[in-house]
Amino acid sequence: MSNRLHVHPVGDLIVHDTETDDCVCGPGMRPVKRDDGSVGWLVTHHSLDGREKQENPA
Ligand SMILES: [Zn+2]
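Thresholds applied
Residues numbered from 1 in each chain as written. Predicted model: local features only at pLDDT ≥ 70, side-chain atom pairs only at ≥ 80, totals over all residues. Heavy atoms only, no water. Pairing = 2+ DSSP bridges. Helix = DSSP H or I, 4+ residues; strand = E, 2+ residues; numbered from the N terminus. Donors = N, O, S within 2.8 Å, 3.2 Å for Na, K, Ca; no water. Tetrahedral: all angles 85-135°; square planar, octahedral: opposite > 155°, others 65-115°. Buried < 20%, exposed > 50% of the residue type's maximum accessible area, 1.4 Å probe, protein only. Salt bridge = Lys/Arg side-chain N within 4 Å of Asp/Glu carboxyl O.

Of the strand pairs in this sheet, strand E2 (residues 28-33) and strand E3 (residues 39-44) are connected by six bridges, and their pairing is antiparallel. For Pro31, the partnering residue across the bridge sits in E3 and is Trp41.

With distances of 2.0 to 2.4 Å, the protein atoms coordinating the zinc ion are His16 (ND1), Cys23 (SG), Cys25 (SG) and His45 (ND1). If you look at the zinc ion, its four donor atoms make angles of 107 to 111 degrees with each other, and the shape they trace is tetrahedral. Along the chain, the residues that donate to the zinc ion are spaced as H-x6-C-x1-C-x19-H. Each member of the pair Cys23 and Cys25 is classed as buried.

In a structure, side chains of opposite charge can pair up when their charged atoms sit close to one another. Taken as a whole, this structure holds one salt bridge when the rule is applied. Asp21 is the partner of Arg4 in a salt bridge, and the nearest nitrogen-oxygen pair spans 2.8 Å. A residue pair is termed long-range when its members are at least 10 positions apart, and Arg4 in strand E1 (residues 4-7) and Asp21 in the loop between E1 and E2 qualify at 17 residues.

Moving on: the pairing of E3. Every regular strand shows the same layout, with side chains that alternate between the two sheet faces. Two strands pair when backbone bridges link them, and E1 and E3 are joined in this way by four bridges, in the parallel orientation. By the bridge assignment, Leu5 is partnered in E3 with Leu42. Taken together, E2 and the strand that follows it, E3, pair antiparallel across an intervening segment of five residues, in which Gly37 is found at a positive phi of about 90 degrees.

Below, the structure is given as structure tokens:
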């Protein structure tokens, strides 16, 4: 059983590797505590089309 939770952009220009931690987008990882007290890892992938930069209001 995997202890990884992958969050990645839908419909991105590239295919994200959600099977390993070695995706080309250089995902960030941080530990998250589950309800049962175990610790899993949240793997946040980055879109390569720069959509995050557009969230900054003018
Ligand atoms: Zn990725």
